[in-house]
Amino acid sequence: MLISIRASHIILTALGFCLSLTSASAEMSAWADNEGGRMRLVALPPDAMGEIRAGLQVEPRSGWITYWREPGKNGIPPQITIAPGSSVTLQEIRYPVPKHIVDAKVDEIAYDASVTFPLTLKSTGAAGEIHAMAFIGICKEICIPFQADLTLKLSPAAQTRPEEEAILAEAEKRLPQAPSADFAITGHTLSADGTSLTLEMSLPQSGETPPQVVIAGPSGYAFTKQIAATRTGNTAKATLAIGKLPRNYDIHGKVWNVLVIDGTRAMESPLAFE
């Protein structure tokens, strides 16, 4: 199933668009507020190699959600842009394990509670401040674009920042693990007509319930509908329906992404197509 919300429910108006300039004197920006929630930037001083551990902390209000890395056609994934001319560059953004939220109105891969997206930044000079623009979608019955300019000052590296350390450590714990010997995709096959994808998996523990699977395809496309699934102990096989892909899309040479959630553990892996 393509994971999205109705385009008619997305309001891209100035009324729903929140732009705020916030700053702080420590390794946390001030909160930027929106009717659906709030967000801020958290960071630690650069290490000896100039690397900065940071995070975009988002707190949706009750009943609201924000999106995972692949929100489907109409959602908005979290985005971070460092101000031009800054002495800091963005190296990577990572995504904690989301929820598959399904009810009578929505089918979303998202977060319905506080989440911190870990960021890796690199200092290219004397990094005294971080200026970043964050852009997310925050949604309830409608989806409101939420943008904020976030600024924070960095303290000397010798200073400890226990609150920031705790926030970033918790965010790291919520990330999916990389493939390993006991938790991996062991095979994948796209049907000849391109309408289904079969995955073979090794799982970290024995069980009877098939794992949850989320396939992130081309930008704007995510699939979760399992049309067949079997599990024997710590191995499983699942076939997922692949919806209509972009016109003239050639999958050869492309790399998709798969997230497998098995109980309390999750694994994320690339899927390469020859």
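Since this is a predicted model, take the numbers as computed values, not measurements.

Undergrad: When you look at the state of the cysteines in this model, what are you seeing that I'm missing?
TA: Working definition: the covalent bond between the sulfur atoms of two cysteines is a disulfide. Tallied over the entire structure, the rule returns 1 disulfide. Each sulfur in the disulfide pair Cys139 and Cys143 lies 2.4 Å from the other. Assessed through its relative accessible area of 2%, Cys139 is described here as buried.

Undergrad: Can you walk me through the pairing of strand S13 (residues 184-190) in this structure?
TA: A regular strand places its side chains on the two faces of the sheet in alternate fashion. Judged from the 6 bridges that link them, S13 and strand S14 (residues 196-207) form a sheet pairing that is antiparallel. The partner of Leu190 across the bridge, within S14, is Leu197. The hairpin formed by S13 and S14 contains 5 residues between the paired strands, and Gly194 there has a positive phi angle of roughly 75 degrees.

Undergrad: I'm lost on the sheet that holds strand S17 (residues 226-241) in this one. Help?
TA: Pairing between the strands of a sheet comes from backbone hydrogen bonds, and it takes one of two forms, parallel or antiparallel. If you trace the 3 strands from one edge of the open sheet to the other, you get S13-S14-S17, paired in antiparallel fashion. Looking at strand neighbours, the two that pair on one side only are S13 and S17, the edges of this open sheet. Adjacent strand axes in the sheet meet at a mean angle of 25 degrees, parallel and antiparallel pairs treated alike.

Undergrad: What's the story with the nonpolar core in this structure? I'm lost.
TA: Buried together is how nonpolar side chains tend to be arranged in soluble globular proteins. Ranked by internal contacts, the top residues of the largest apolar core, which has 36 residues, are Met39, Leu56, Trp68 and Ile130. When sequence neighbours within four positions are dropped, the list of residues in contact with Leu56 reads Met39, Arg40, Ile80, Val115, Thr116, Phe117, Leu119, Ala134, Ile136 and Leu150. With 21 residues, the next largest nonpolar core counts Leu199, Leu203, Val213 and Val258 among its residues.

Undergrad: It is not clear to me how the sheet that holds strand S16 (residues 222-223) should be interpreted in this structure. Could you clarify?
TA: Taking strand neighbours across the sheet as the criterion, the 4 strands line up as S16-S15-S18-S19 in an open arrangement whose pairing is antiparallel. A single partner strand is all that each edge strand has here, and the edge strands are S16 and strand S19 (265-272). Here 2 bridges tie strand S15 (residues 212-216) to S16, and the two strands are oriented antiparallel to one another. Residue pairing in the sheet places Ala216 in a bridge with Ala222 of S16.

Undergrad: Just checking my understanding: could you explain the packing of aromatic side chains for this structure?
TA: Aromatic rings in a pair are described by how distant their centres are and how their planes are angled relative to each other. Scanning the entire structure with this criterion turns up 5 aromatic pairs. Ring geometry for Tyr111 and Phe117: centres 5.4 Å apart, planes at 85 degrees, overall edge-to-face. Per residue, the accessibility class of Tyr111 equals that of Phe117, and both read buried. Each member of the aromatic cluster is reached from another via a ring pair, and the members are Tyr221, Phe223, Trp256 and Phe273. Stacked on the ring of Tyr249, the Lys or Arg Lys254 has its end atom at 5.2 Å from the ring centre.

Undergrad: When you look at the layout of surface pockets in this model, what are you seeing that I'm missing?
TA: Empty space among the atoms becomes apparent when a probe as large as a water molecule is rolled across them. Within this model, the second largest pocket holds a volume of roughly 210 Å³. Around the second largest pocket sit 13 residues that line it, and Arg69, Pro176, Asn257, Glu268 and Ser269 are the ones nearest its centre. If one sorts the elements of the lining of the second largest pocket by residue count, S19 sits on top with 3 residues. Of the residues belonging to the lining of the second largest pocket, the class tally is 6 nonpolar, 3 polar and 4 charged.

Undergrad: Can you walk me through the pairing of strand S3 (residues 37-43) in this structure?
TA: For S3, the tally of buried residues reaches 6 of 7 residues, placing the bulk of the element in the interior. With 3 bridges joining them, strand S2 (residues 32-34) and S3 adopt antiparallel strand pairing. What sits directly across from Asp33, in S3, is Arg38. Hairpin connection between S2 and S3: a loop of 2 residues separates the two successive antiparallel strands.

Undergrad: Sorry, what's going on with the side chain of Asn257 here?
TA: Of note, Asn257 is situated in strand S18 (residues 255-262). Among the residues examined, Asn257 registers a relative accessible area of 12% and is labelled buried.

Undergrad: Is there a simple way to think about the confidence of the model for the chain in this case?
TA: Should the pLDDT be low somewhere, the predicted coordinates at that spot are not to be read in detail. In this model, the chain carries an average pLDDT of 87, and 88% of its residues clear a pLDDT of 70 or more. Long-range and interchain partners of residues 1-25, a stretch whose pLDDT sits below 50, account for 78 contacts in this model, where long-range means more than four residues apart.

Undergrad: Teacher, can you tell me more about helix H1 (residues 162-173) here?
TA: Each α-helix turn comprises 3.6 residues. Residues three or four places apart therefore point the same way. Over its 12 residues, H1 runs 16 Å from end to end, which matches the ideal 16 Å to within 8%, given 1.5 Å per residue. Inspection of H1 places Glu164, Ile167, Leu168 and Ala171 among the buried residues, and these make up the whole buried set. Burial along H1 is one-sided: seen end-on, the buried residues are contained in an arc of 90 degrees. Exposed residues pointing more than 90 degrees away from the buried face of H1 are listed as Pro162 and Lys173. Check the buried side of H1 and you find it contacts S3, strand S4 (51-60) and strand S10 (115-123).

Cut-offs and rules
- One numbering rule holds for all chains: residues counted from 1, following each sequence as written.
- Only residues with pLDDT of at least 70 are given local features in this predicted model, and only at 80 or more are side-chain atom pairs given and counted; all residues enter the totals for whole chains, interfaces and linings.
- Hydrogens are left out, water is left out, and the side-chain values use all remaining heavy atoms of the structure.
- The disulfide criterion used throughout: a pair of cysteine sulfur atoms within 2.5 Å.
- For every residue, the accessible area obtained with a 1.4 Å probe (protein chains only) is divided by the maximum for its type, and the residue is called buried under 20%, exposed over 50%, and partly exposed between those limits.
- Strands pair, by our definition, only if DSSP identifies at least two bridges between them.
- Only DSSP runs of H or I with at least four residues qualify as helices, and only runs of E with at least two residues qualify as strands; both kinds are numbered from the N terminus onward.
- Here an axis means a line fitted to C-alpha atoms, over the contact stretch when the element is a helix, while the angle between two N-to-C directions is reported on a 0 to 180 degree scale.
- In this description, a nonpolar core means a group of buried Ala, Val, Leu, Ile, Met, Phe, Trp, Tyr and Cys residues linked to one another through side-chain atoms lying within 4.5 Å.
- The contact rule is simple, with two residues in contact once any of their heavy atoms fall within 4.5 Å.
- For Phe, Tyr and Trp, where Trp contributes only its six-membered ring, two rings pair if their centres lie within 6.5 Å, and the inter-plane angle classes them as stacked under 30 degrees, edge-to-face over 60, or tilted in between.
- Two thresholds decide whether a charge sits over a ring: the Lys NZ or Arg CZ must be within 6 Å of the ring centre and within 35 degrees of the ring normal.
- Grid points spaced at 1 Å and placed over the protein atoms alone form the basis of the search, with a cavity being a set where a 1.4 Å probe fits but cannot get out and a pocket an open set showing protein on both sides within 12 Å along at least five of seven lines. Lining residues have an atom within 4 Å of a point.
- Grid points are joined across faces, edges and corners, and a volume is the space filled by probe spheres set on the points.
- By the convention adopted, Pro, Cys, Tyr, Trp, Phe, Met, Ile, Leu, Val and Ala count as nonpolar, Lys, Arg, Asp and Glu as charged, and the other residues, Gly among them, as polar.
- pLDDT is a residue-level measure of predictor confidence that goes from 0 to 100.
- The span expected for a helix works out to 1.5 Å for each residue beyond the first.
- Directions are taken from the helix axis to each C-beta atom, and the arc is the one they span.

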